[in-house]
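# Breakdown of the fold
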Amino acid sequence: MDEPEVPIELARLWRLPSQTRLGRPARLDVDAVVDAAVALADQGGLAEVTLPKVAEALGVTKMSLYRHVGSKDELIALMEDGVGPPPDLPEGPWRESLAAWAEALADRIERHPWLADLRVAGPPSGPNGIAWFDAGLRSMRRSRLDWGPKVRIVMIVSDYVQGMARLAQSLAAGRSGTGLDQAGAELAYGRAMAALVDPERFPDAAALFASDTFADTGADSADVDFRFGLDLILDGVAAQAD
């Protein structure tokens, strides 16, 4: 019985060997293309990743790239998988393990901010994507959840981490040039709104701005917000597990 043929995009993701060619080894390979594209994205975001720019970075022609990557969409998929597998995560109670997995995802985006801008095009299909998926499932090994809920939880936590990273990047871009960090920007916002918001027209909002909610406590507000939302999700998972 013949083995099913693997689509070329999956073959490249998994670095399956192609048919042997005679002659000198190719100067270029998929890893070199992916490394060059990731370097461009790390420096300037996904907008910097075009096939001509990748070719220029490698010192080759654009047409020579097509032996190793079929399109920009395929290149983005290769890049996402190419940034590496998850770190070794501690095994223990599912809540701590799942939180550690979420924090590892956040660290991954911090190292490669362009990951926050990726759109989900389907389930993970590359070796590193499967490794992250496997680690997320494994974090819930000690729960009493079935596979279906586990898959949904992995999706929800992953989306939450990506969304929070995208929000943090947007806020950083919004205060660019002000000289303020996030805590300073929130403090300035709270003071401005306290002076502008009419308690008779917006009673609850006015009460909020009159409180010390936007005061600078010295804590990293982004970390506080991230953990608050993650704990809400974990509380929901605990309700399902129970």
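This one's a predicted model, so the numbers in the text were calculated from it and none came from an experiment. (Residues numbered from 1 in each chain as written. Predicted model: local features only at pLDDT ≥ 70, side-chain atom pairs only at ≥ 80, totals over all residues. Heavy atoms only, no water.)

Bringing the packing of aromatic side chains into the picture now. Applying the stated rule across the entire model yields four aromatic pairs. Pairing Y189 with F214 gives two aromatic rings, centres 5.5 Å apart and planes at 75 degrees, and the pair type is edge-to-face. Taken together, the residues span a long stretch of sequence, with Y189 in helix α9 (residues 182-196) and F214 in the loop between α10 (203-210) and α11 (221-241) at a distance of 25 residues. Overall, the relative accessible area of 41% leaves Y189 in the partly exposed class. Judged by centre distance (5.6 Å) and plane angle (25 degrees), the ring pair of F209 and F214 falls under stacked. Given a relative accessible area of 19%, F214 falls into the buried group. Here the aromatic cluster, defined as three or more aromatic residues joined through ring pairs, consists of Y189, F209 and F214. For the cation-ring pair, K150 lies above W147, with the distance from its terminal atom to the ring centre recorded as 4.7 Å. (Phe/Tyr/Trp six-rings, centres within 6.5 Å; stacked < 30°, edge-to-face > 60°. Helix = DSSP H or I, 4+ residues; strand = E, 2+ residues; numbered from the N terminus. Buried < 20%, exposed > 50% of the residue type's maximum accessible area, 1.4 Å probe, protein only. Lys NZ or Arg CZ within 6 Å of the ring centre and 35° of its normal.)

A few words now on the side chain of H112. Relative to the elements of secondary structure, H112 occurs in the loop between α6 (94-111) and α7 (127-139). Not counting the four nearest positions on each side in its chain, H112 is found in contact with V38, D42 and V83. (Contact = heavy atoms within 4.5 Å.)

On the surface, V6, L10, W14, L16 and I130 cluster together into a nonpolar patch covering about 400 Å² of accessible area. Here V6 shows up in the segment before α1 (8-13). With relative accessibility at 40%, the residue V6 sits in the partly exposed group. (Patch = residues over 30% accessible without salt bridge, like charges linked within 9 Å, V, L, I, M, F, W, Y side chains within 5 Å. Areas by Shrake-Rupley, 256 points an atom, 1.4 Å probe, with all protein chains shown as cover. Salt bridge = Lys/Arg side-chain N within 4 Å of Asp/Glu carboxyl O.)

Put simply, α6 and helix α8 (residues 147-174) touch, their axes get as near as 10 Å, and they point 40 degrees apart. Our classification of the angle between α6 and α8 gives oblique. The handedness of the crossing between α6 and α8 comes out as right-handed. Across the interface between the two elements, L98, W101, A102, L105, A106 and I109 from α6 touch I153, V154, V157, S158, V161, Q162, A165 and Q169 from α8. Residue composition of the contact of α6 with α8, by class: 11 nonpolar, three polar and no charged. (Axes fitted to C-alpha atoms, helices over the stretch in contact; angles between N-to-C directions. Parallel < 35°, antiparallel > 145°, perpendicular 65-115°, else oblique. Left-handed = near helix turned anticlockwise from the far one by under 90°. Nonpolar A, V, L, I, M, F, W, Y, C, P; charged D, E, K, R; others polar.)

Turning to the nonpolar core, a few remarks are in order. Nonpolar side chains in soluble globular proteins tend to end up buried together. Core analysis: the largest hydrophobic core is formed by 54 residues, its most contacted members being V54, L65, L75, M79, W114 and V157. Secondary structure elements with two or more residues in this core: α2 (30-44), α3 (51-58), α5 (72-82), α6, α7, α8 and α11. Once you skip the residues sitting within four places of it in the chain, M79 turns out to touch V34, A37, V38, A41, L46, V49 and W114. (Core = buried A, V, L, I, M, F, W, Y, C linked by side-chain atoms within 4.5 Å.)

As a further point, take the packing of α8 against α11. Closest axis-to-axis distance for the α8/α11 pair is 11 Å, and the angle between their directions is 170 degrees. By the angle class used here, α8 and α11 are roughly antiparallel. In this structure, α8 contributes I153, I156, V157, Y160, V161 and M164 to the contact, and α11 contributes D225, F226, G229, L230, I233 and V237. Broken down by class, the residue content of the contact of α8 with α11 amounts to 10 nonpolar, one polar and one charged.

Below, the discussion takes up the environment of L145. One can find L145 in the loop between α7 and α8. For L145, a relative accessible area of 10% corresponds to the buried category. Considering only alpha carbons, one finds L145 and A238, 93 residues apart in sequence, at a separation of 9.8 Å. If we skip the residues at most four places from it in the chain, L145 touches M140, K150, I153, V237, Q240 and A241.

Another aspect to go through is α11. With 21 residues, α11 ought to run about 30 Å at 1.5 Å a step, and its terminal C-alpha atoms sit 30 Å apart, in line with that. What α11 keeps buried is the set S221, F226, G229, L230, I233, L234, V237, A238 and A241. In this structure, the buried residues of α11 make contact with α6, α8 and α9. With a side-chain oxygen lying 2.9 Å from the backbone nitrogen of A222, the N-terminal cap of α11 falls on D220. (Expected span 1.5 Å × (residues − 1). Polar contact = N/O pair within 3.5 Å; in protein donor to acceptor, adjacent residues only side chain to side chain.)

For α3, the full list of buried residues reads L51, V54, A55 and L58. Viewed along the axis of α3, the buried residues span an arc of 100 degrees, placing them on a single side of the element. Away from its buried face, by an angle of more than 90 degrees, α3 presents the exposed residues E56 and A57. Of the surrounding elements, those touching the buried residues of α3 are α2, α4 (62-65) and α5. (Arc of directions from axis to C-beta.)

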